[in-house]
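Structure assessment
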Amino acid sequence: RAALGSSKTPKKGSKAETCQQTVDDLDEARTKCDESLDELFEGVFSKRYRDSKPEVRAAVVKGLVGWVRARPSKFAATKYMKYAAWVLDFQDGPQVRASGARVLAAAFSCAGDQKDTLRDFALRFAPRLGEMAHDVDEDCQAAAIQALRALKDCGLLDELELGEDEDATLRDNVYAKIVDQAASASIRSDALAFALDLEEFDSNTSQGDAQRSLRDLGRFVEASVLGDDGPTTLTSLAADAFLALPERASLLRDWRAWVALLQRDDVDAAASQENQRLVDVLLRLCARSAETDSLSAAPALLEALPALLTKYGGDDDLLQTVCALGESASQASTKDARYVKACKALLDRVATTSDDASLNAAAKAIRAFATNSTDKKLSKAVAKCVGEAARPLLEEPAGDNDAVEAALTAAVKRIQALAQAVDVPGALG
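Residues numbered from 1 in each chain as written. Predicted model: local features only at pLDDT ≥ 70, side-chain atom pairs only at ≥ 80, totals over all residues. Heavy atoms only, no water.

Taken together, the side chains of K344, K376, K377, K380 and K384 define a basic patch exposed on the protein surface. Examining the composition of the positive patch, we find that four residues originate from one element, helix α19 (residues 376–394), more than from any other. Topologically, K344 is positioned in helix α17 (residues 337–350). By relative accessible area, K344 is classed as partly exposed at 42%. (Patch = residues over 30% accessible without salt bridge, like charges linked within 9 Å, V, L, I, M, F, W, Y side chains within 5 Å. Areas by Shrake-Rupley, 256 points an atom, 1.4 Å probe, with all protein chains shown as cover. Salt bridge = Lys/Arg side-chain N within 4 Å of Asp/Glu carboxyl O. Lys, Arg positive; Asp, Glu negative; His and termini not counted. Charge placed at Lys NZ, Arg CZ, Asp CG, Glu CD. Helix = DSSP H or I, 4+ residues; strand = E, 2+ residues; numbered from the N terminus. Buried < 20%, exposed > 50% of the residue type's maximum accessible area, 1.4 Å probe, protein only.)

What follows is the structure, encoded as structure tokens:
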């Protein structure tokens, strides 16, 4: 290409001449192709986008999405994009408005070198996309929010000089969809993802509006999860949002409500795949937040731990996280019967699993309980657990070889795990 770009004429019959001819032929073909596309655009699109039938208008506007993706350098220009923007205000035919928003999303997604061309265009129509988050048609809502996400991803949204009121209104329009019970889960997911992308969710460095946004979003989502309607498909999404925030951003305040949510009859890991996901995320959310807010979380977790272990402890994946909650529960100031009961519930789980990760998680929690209390009842409970775990190693084996081997392997694992938490020889006497 460097040789072809020189002012010298390639030698006749040389490879450079052949290459130059190929380049010239391709340039000519592209020019002819562009001319044909322009004829097609002027002859069909510019007329049919205002067709009397909404389905025809939607079809031609939707076709522009493919053109923009294929040749953004040509079609992500005002000459073409203005049509997509104009249809955002078409009153009849919501599919037309949705197609227009998808054209904009396609242009923003492949902005690249076209950012300067699209900047003024985006400044003019971003507020309209915010308004469309509340369109009467759900497909329009989804397309508008996706276009705004693309606008954010390409970096243009941060560069737009929106007025303070326009910027606040745009955000409010999208954020309101997060807790819109009538909206679909996918729309609420996109709205929440947009909020997480847009805000500065770092409680250590954010100040002013960004810090308030962090708190407000936390309260916003928490209220939606703990509302009177009970858990919805947003619950796992909301929990994921919390998990995406910095670990030191302690957003959970109503601990008893969150723990009560896990104990509800309609939240059951065994009920469905969705509930399995929901419980897993909620437990991880509580475990992570409890690490940074253990004193506030401990009383609620201590009281609920036995029930949570009974309900979810049969699943080794969930058991690990419930045991992590046990570590936080051990920080409770009370050392009464509830404290011993919670630790005994952990000890009971050691006897029912041979999963290494679950045993290690249980051992960490048991160690925390044993370290924070010298209660004799707790010591007796530990001794009983150790004795039962060691029994297969101390008694004459009975049964077939496979069963004996399995029992001995499980016993060794349990003793090894307990040895991380307590004085096993002392407990055995």
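Moving on, we come to the side chain of D51. Mapped onto the secondary structure, D51 falls in the loop between α1 (15–48) and α2 (54–70). A polar atom in the side chain of D51 sits 2.8 Å from the backbone nitrogen of K53. (Polar contact = N/O pair within 3.5 Å; in protein donor to acceptor, adjacent residues only side chain to side chain.)

Quick look at the pattern of salt bridges now. This structure, assessed with the given rule, holds 17 salt bridges. Two residues, D27 and R30, come together in a salt bridge whose shortest N-O distance is 4.0 Å. Here D27 pairs with R30, and both are found in helix α1, just three residues apart, close to one helical turn. Residue R30 is classed as partly exposed on the basis of its relative accessible area, which comes to 49%. Across the pair K32 and E28 runs a salt bridge whose closest N-O atoms are separated by 3.4 Å. Of this pair, K32 and E28 both sit in helix α1, separated by four residues, roughly a single helical turn. Here K32 falls in the partly exposed class, since its relative accessible area comes to 48%. Residues participating in the shared-partner salt-bridge network are K115, D116, R119 and E159.

Turning next to the packing of aromatic side chains. All told, the structure shown has 10 aromatic pairs when counted by the stated rule. Measuring from centroid to centroid gives 4.6 Å for F41 and F45, while their planes differ by 15°, and the two rings are stacked. Taken together, the residues span about one helical turn, with F41 and F45 both in helix α1 at a distance of four residues. For F41, a relative accessible area of 1% corresponds to the buried category. Ring geometry for W67 against F75: centres 5.1 Å apart, planes inclined by 50°, an arrangement best described as tilted. Among the aromatic side chains, those forming a connected cluster through ring pairs are F41, F45, W67, F75, Y80, Y83 and W86. (Phe/Tyr/Trp six-rings, centres within 6.5 Å; stacked < 30°, edge-to-face > 60°.)

All right, on to the packing of helix α18 (residues 356–372) against helix α20 (residues 401–419) then. It is at 8 Å that the axes of α18 and α20 come closest, and there the two elements cross at 30°. Remark: the crossing between α18 and α20 carries right-handed chirality. Every residue of α20 that contacts α18 at D356, L359, A363 and I366 is listed here: K413, R414, A417 and L418. When its residues are assigned to classes, the contact of α18 with α20 shows five nonpolar, no polar and three charged. (Axes fitted to C-alpha atoms, helices over the stretch in contact; angles between N-to-C directions. Left-handed = near helix turned anticlockwise from the far one by under 90°. Contact = heavy atoms within 4.5 Å. Nonpolar A, V, L, I, M, F, W, Y, C, P; charged D, E, K, R; others polar.)

What follows deals with a nonpolar patch on the surface. On the surface, a nonpolar cluster with roughly 330 Å² of combined accessible area is contributed by L393, L394, L408 and V412. Contributing elements (two or more residues each) for the nonpolar patch: α19 and α20. In this structure, L393 sits in helix α19.

Taking 1.5 Å per residue as the helical rise, helix α9 (residues 164–175) with its 12 residues ought to reach 16 Å, and the 16 Å between its terminal C-alpha atoms agrees with that figure. Listed in full, the buried residues belonging to α9 are L170, N173, V174 and Y175. (Expected span 1.5 Å × (residues − 1).)

So, on to the state of the cysteines. A full pass over the atoms with the stated rule returns zero disulfides. C343 takes part in no disulfide bond, and the closest cysteine sulfur, belonging to C385, lies 8.8 Å away. (Disulfide = S-S within 2.5 Å.)

Further remarks concern the nonpolar core. Ranked by internal contacts, the top residues of the largest apolar core, which has 64 residues, are F108, L129 and L151. Those residues in contact with L151 that lie beyond four places of it in its chain are F108, A122, A126, L156, L157 and L160. With 55 residues, the next largest nonpolar core counts Y312, V340, F369 and A421 among its residues. (Core = buried A, V, L, I, M, F, W, Y, C linked by side-chain atoms within 4.5 Å.)

Nothing here speaks to function; it is geometry throughout.
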